[in-house]
Amino acid sequence: METLEEHKCFGGIQGVYRHRSSATGTDMTFGLYRPPQAENGPVPVLWYLSGLTCTHENVMVKAGLQGHAARHGLMVVMPDTSPRGEGVPDDPEGAYDFGLGAGFYVDATREPWSRHYRMYSYIVQELPELVAGAFPADMRRQGITGHSMGGHGALTIALKNPGRFRSLSAFAPISSPMRCPWGQKALAGYLGEDPKAWEEYDACALIARAEERLPILVDQGDADPFLEDQLKPGLLEEACEKAGHPLTLRLQPGYDHSYFFIATFAGDHLDWHARALCA
């Protein structure tokens, strides 16, 4: 692992690191905030998964997570959203919702995507092993959150890995990729046309058969331009009600899809995770 940069921040260290990934077959870059409490031993870990077009940098510089993380003693890991580099395929039309910056946290099974687009395995297996070996991370206490495509990733990864996480939240998640244009394009492109394969990466489908009932916090702006066509939080609410899955869904008046929205409610989300991880 190569250290690209480190900065003192709220008494801790905000770093950016690069390593060679066996999951994606590329170099991968991630951000990681190490709170001041980590100087005294392992601390809980919160994963933040970013949305379409983003890298690790968007949340690192725009969301203001570090101050809240320092207050609670949480390490925050900020992965990239897709593989990158020479030879990594991209959307042939240059669209932002597929290919580079749009890995959708799945393991692609279709060519040419299957060689590199294995973000599910990268987030679930490879990066946690790297973090556990290189940083003072208490991997017995993990939480996960994310925004938009990353909110979809946080929900599906937690639901597919019962017992891994103690806390779960999302900002404006893509609630059911099977039933929105962004998700349909990505799932068909990466996985093929079989709806059964899509169900493995759809939060609403996974909630119906979840092995644990980990409480979920979701914040959603009611002025979000993607609310009705792409995000559809009502589908998540319906699935949770039907399955008896605990969900706190807060529709925030006047807020959109931007990092101004995320920064406004970031403290609430880190409080949510800290109650589960730092008790």
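Figured I'd write up the structure that's included with this text. (Residues numbered from 1 in each chain as written. Predicted model: local features only at pLDDT ≥ 70, side-chain atom pairs only at ≥ 80, totals over all residues. Heavy atoms only, no water.)

## Quick word on the overall build of the chain
Stage number 1. Helix and strand content of the chain: ten helices and nine strands.
Stage number 2. The globule rule puts the C-alpha radius of gyration for 279 residues at 19 Å, and the 17 Å found for the chain is close to it.
Stage number 3. Each principal axis of the C-alpha distribution contributes one length, and for the chain these read about 50 × 45 × 35 Å.
Stage number 4. When contacts within the chain are restricted to residue pairs at least 6 apart in sequence, those whose partners lie at least 24 apart make up 73%.
Stage number 5. Roughly 11,100 Å² of accessible area belongs to the chain as shown, and the carbon and sulfur atoms make up 49% of that amount.
Stage number 6. Computed over 24 positive and 35 negative side-chain charges, the separation of the two mean positions in the chain equals 5 Å. (Helix = DSSP H or I, 4+ residues; strand = E, 2+ residues; numbered from the N terminus. Rg over C-alpha atoms; globule rule 2.2 N^0.38 Å. Contact = heavy atoms within 4.5 Å. Areas by Shrake-Rupley, 256 points an atom, 1.4 Å probe, with all protein chains shown as cover. Lys, Arg positive; Asp, Glu negative; His and termini not counted. Charge placed at Lys NZ, Arg CZ, Asp CG, Glu CD.)

## Examining the nonpolar core
Stage number 1. The biggest cluster of nonpolar side chains holds 89 residues, and the ones touching the most others in it are Phe-104, Val-131, Ile-144 and Tyr-190.
Stage number 2. Here this core takes eight residues from helix 10 (residues 259-277), the largest share from any one element.
Stage number 3. Tyr-190 has contacts with Phe-98, Gly-99, Ala-102, Gly-103, Phe-104, Val-106, Ala-108, Thr-109, Arg-110, Trp-113 and Tyr-117, leaving out every residue within four places of it along the chain. (Core = buried A, V, L, I, M, F, W, Y, C linked by side-chain atoms within 4.5 Å. Buried < 20%, exposed > 50% of the residue type's maximum accessible area, 1.4 Å probe, protein only.)

## Overview of the side chain of Ser-175
Stage number 1. Its place among the elements puts Ser-175 in the loop between strand 7 (167-171) and helix 5 (181-191).
Stage number 2. Assessed through its relative accessible area of 0%, Ser-175 is described here as buried.
Stage number 3. Among the polar contacts listed, one links the side chain of Ser-175 to the backbone oxygen of Leu-231, at a separation of 3.1 Å.
Stage number 4. When sequence neighbours within four positions are dropped, the list of residues in contact with Ser-175 reads Asp-202, Ala-203, Cys-204, Leu-231, Lys-232, Pro-233 and Leu-236. (Polar contact = N/O pair within 3.5 Å; in protein donor to acceptor, adjacent residues only side chain to side chain.)

None of this, on its own, says anything about what the molecule does.
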